[in-house]
Amino acid sequence: MPGLLRGVARTAVVAGTATAVSNRVSRRQAGRWAQQEAPAPAAPPPAAPAAPAAPAAPADDMTSKIDQLKELGALHEQGVLTDEEFAEQKRRLLG
């Protein structure tokens, strides 16, 4: 009988400690979430929008198209794209 009481007492201590730790972790996490959800201080209004950037030079546009075609060709050679998919993507890119 004394062994049984000792086992029950040990289980109660372990369970009580686990509950206390779990509650502490929960409270700490809830505090962190509350801080994250707190409204941030009002930000200053955004500045006037900048002027749109100049359109890309035709050479840069052609270079990017060539790079994209090379990537499409590599995907087609690897079997990732079917002939129809490759043709469709090429048509979209060029025209």
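Here is a short report on the structure shown in this document. Just so it is clear, the structure is predicted and the values come from calculations on it, not from any experiment.

Rules and cut-offs
Counting restarts for each chain, with residues numbered from 1 along the sequence as it is written. Only residues with pLDDT of at least 70 are given local features in this predicted model, and only at 80 or more are side-chain atom pairs given and counted; all residues enter the totals for whole chains, interfaces and linings. Hydrogens and water molecules were not included; the side-chain quantities draw on all heavy atoms of the structure. A run of H or I in DSSP becomes a helix once it reaches four residues, and a run of E becomes a strand once it reaches two; helices and strands are each numbered from the N terminus. Only protein chains enter the accessibility calculation, which uses a 1.4 Å probe; a residue is then buried when its area is under 20% of its type maximum, exposed when over 50%, and partly exposed in between. Patches here are clusters of residues that have more than 30% relative accessible area and form no salt bridge, with a 9 Å joining cutoff for like charges and a 5 Å cutoff for nonpolar side chains (Val, Leu, Ile, Met, Phe, Trp, Tyr). Computed by Shrake-Rupley with a 1.4 Å probe, the accessible areas treat only the displayed protein chains as cover when residues are assessed. Put simply, a salt bridge is a Lys or Arg side-chain nitrogen that is within 4 Å of an Asp or Glu carboxyl oxygen. A positive count includes Lys and Arg, and a negative count includes Asp and Glu. His and the chain ends are not counted in either. Lys charges are placed at NZ, Arg charges at CZ, Asp charges at CG and Glu charges at CD.

## Digging into the environment of Gln89
Working step 1: Mapped onto the elements of the fold, Gln89 is located in helix H3 (residues 83-94).
Working step 2: Overall, Gln89 belongs to the partly exposed group, its relative accessible area being 31%.
Working step 3: Between the C-alpha atom of Gln89 and that of Gln68, which follows or precedes it by 21 residues, the distance is 9.8 Å.

## Focus: a positive patch on the surface
Working step 1: The grouping of Arg24, Arg27, Arg28 and Arg32 at the surface amounts to a positive patch.
Working step 2: Following the sequence through the fold, Arg28 ends up in helix H1 (residues 2-37).
Working step 3: Since its relative accessible area comes to 42%, Arg28 is described here as partly exposed.

## Regarding the pattern of salt bridges
Working step 1: For the structure shown, the criterion picks out three salt bridges.
Working step 2: Ionic pairing is found between Arg91 and Glu88, a salt bridge with its closest N-O pair at 2.6 Å. Of this pair, Arg91 and Glu88 both sit in helix H3, three residues apart, which is roughly one turn of the helix.
Working step 3: When its relative accessible area of 51% is taken as the criterion, Arg91 is described as exposed.
Working step 4: Accessibility expressed as a relative area gives 27% for Glu88, which makes it partly exposed.
Working step 5: Across the pair Arg92 and Glu88 runs a salt bridge, and its minimum N-O distance is 3.0 Å.

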